[in-house]
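Here's the letter readout for the chains.
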Amino acid sequence: MKPKSATKKAERLLKKACAAAAVMAAAAMMAVPAYAADGVQGSKIVTGTEKLIGDVTTWLMVLAPVVAGLLIIYFFIRRSAADEMDTKKWNNRIVVAIVSCIGAVLGSATLNLIIGYYK
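Residues numbered from 1 in each chain as written. Predicted model: local features only at pLDDT ≥ 70, side-chain atom pairs only at ≥ 80, totals over all residues. Heavy atoms only, no water.

Details of the overall build of the chain
Spelled out, the test is: Starting at the N terminus, helices and strands are each numbered in turn, a helix being any DSSP run of H or I of at least four residues and a strand any DSSP run of E of at least two. Partly exposed describes any residue whose relative accessible area lies between the buried limit of under 20% and the exposed limit of over 50%, with all areas from a 1.4 Å probe on protein chains only and scaled to the type maximum. We call two residues in contact when some of their heavy atoms are within 4.5 Å. Reported accessibility uses the Shrake-Rupley method at a 1.4 Å probe radius. Residues are deemed covered only where the shown protein chains occlude them.
Regarding its fold elements, the chain presents three helices and zero strands. When its helices and strands are written in sequence order, the chain yields α-α-α. When the 119 residues of the chain are sorted by exposure, 11% land in the buried category. Restricting the contact set of the chain to residue pairs at least 6 apart, pairs at least 24 apart contribute 62%. Taken as a whole, the chain presents about 9,800 Å² of accessible surface, with 71% of it coming from carbon and sulfur.

Looking at helix H3 (residues 84-117)
Defined as follows: Given the number of residues in a helix, its expected span is that number minus one, multiplied by 1.5 Å.
Here H3 spans 50 Å end to end across 34 residues, near enough to the 50 Å set by a 1.5 Å rise per residue. Every buried residue of H3 is accounted for by Trp90, Ile94, Ala97, Cys101, Ser108 and Ile115. Residues of H3 that are buried make contact with helix H2 (44-80).

As for the nonpolar core
Put simply, the test is: In these notes, a set of buried Ala, Val, Leu, Ile, Met, Phe, Trp, Tyr and Cys residues joined through side-chain atoms within 4.5 Å is what counts as a nonpolar core.
With five residues, the main nonpolar core is built from Ile72, Phe75, Trp90, Ile94 and Ala97. Counting residues per element, the ones that place at least two in this core are H2 and H3. Looking at this core, the element that brings in the most residues is H3, giving three residues.

Focus on the packing of aromatic side chains
Our working rule: Pairs were defined over the aromatic rings of Phe, Tyr and Trp, the Trp ring being its six-membered one, requiring ring centres within 6.5 Å. Orientation was assigned from the angle between planes: stacked under 30 degrees, edge-to-face over 60, tilted for the rest.
Taken as a whole, this structure holds three aromatic pairs when the rule is applied. Judged by centre distance (6.3 Å) and plane angle (85 degrees), the ring pair of Tyr74 and Trp90 falls under edge-to-face. Of this pair, Tyr74 sits in helix H2 while Trp90 sits in helix H3, placing them 16 residues apart in sequence. According to the relative accessible area criterion, Tyr74 is partly exposed, its value standing at 40%.

Looking at the UniProt feature "transmembrane region" (unreviewed entry) in the chain
Stated precisely, the cut-off is as follows: UniProt positions are given in the numbering used here, feature names are shortened, and annotations may be inferred rather than shown by experiment.
Mapped onto this structure's residue numbering, the UniProt feature "transmembrane region" (unreviewed entry) falls at residues 60-77 and 97-118. A helix fraction of 100% and a strand fraction of 0% characterise residues 60-77, whose end C-alpha atoms lie 25 Å from each other. Secondary structure over residues 97-118 splits into 95% helix and 0% strand, and the C-alpha atoms at its two ends are 32 Å apart.

Considering a positive patch on the surface
In plain terms, the rule: Excluding any residue in a salt bridge, patches collect residues exceeding 30% relative accessible area, merging like charges within 9 Å and nonpolar Val, Leu, Ile, Met, Phe, Trp and Tyr side chains within 5 Å. Take a side-chain nitrogen of Lys or Arg and a carboxyl oxygen of Asp or Glu: if they are within 4 Å of each other, that pair is a salt bridge. Only four residue types enter the tally: Lys and Arg on the positive side, Asp and Glu on the negative side; His and the chain ends are excluded. Each charge is placed at NZ for Lys, CZ for Arg, CG for Asp and CD for Glu.
A cluster of basic residues, Lys8, Lys9, Arg12 and Lys16, forms a positive patch on the protein surface. Within the secondary structure, Lys16 sits in helix H1 (residues 3-30). Judged by relative accessible area, Lys16 falls into the exposed class, the value being 62%.

Re the side chain of Thr57
Heads up, the rule is: The term polar contact refers here to a pair of N or O atoms within 3.5 Å; inside protein, the definition further demands a hydrogen-donor-capable atom paired with an acceptor-capable atom, and it admits residues adjacent in sequence only when both atoms are side-chain atoms.
If you trace the backbone, Thr57 turns up in helix H2. Of the polar contacts made by the side chain of Thr57, one reaches the backbone oxygen of Gly54; its length is 2.9 Å. Non-local contacts of Thr57, meaning those with residues more than four positions away in its chain, are made with Ser108, Leu111 and Asn112.

Structure, rendered in structure tokens:
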């Protein structure tokens, strides 16, 4: 690379950087600060998020046992048709489904309880 072309590229890069800095400075000066009128607690985002989490946890407490029950029934059917080696795997899957259901319901109930304190 020739020294003159490298110098020209560096000058163009410096000009672009200065222009970008000027645009950012102008944008920062023109920005209007926003203030919360009644605090964050009364905003639509916070109240909507609380309602969303409450609804999701309620649905999770209903759906988790239903889905786990269907999976356990499926695993029992598959276990009945399996040989001795596969029977152990299906037993493990049944235990995992039960533990996962309990974990999902307890986690959902805990989250619902925590959100309940903020209302």
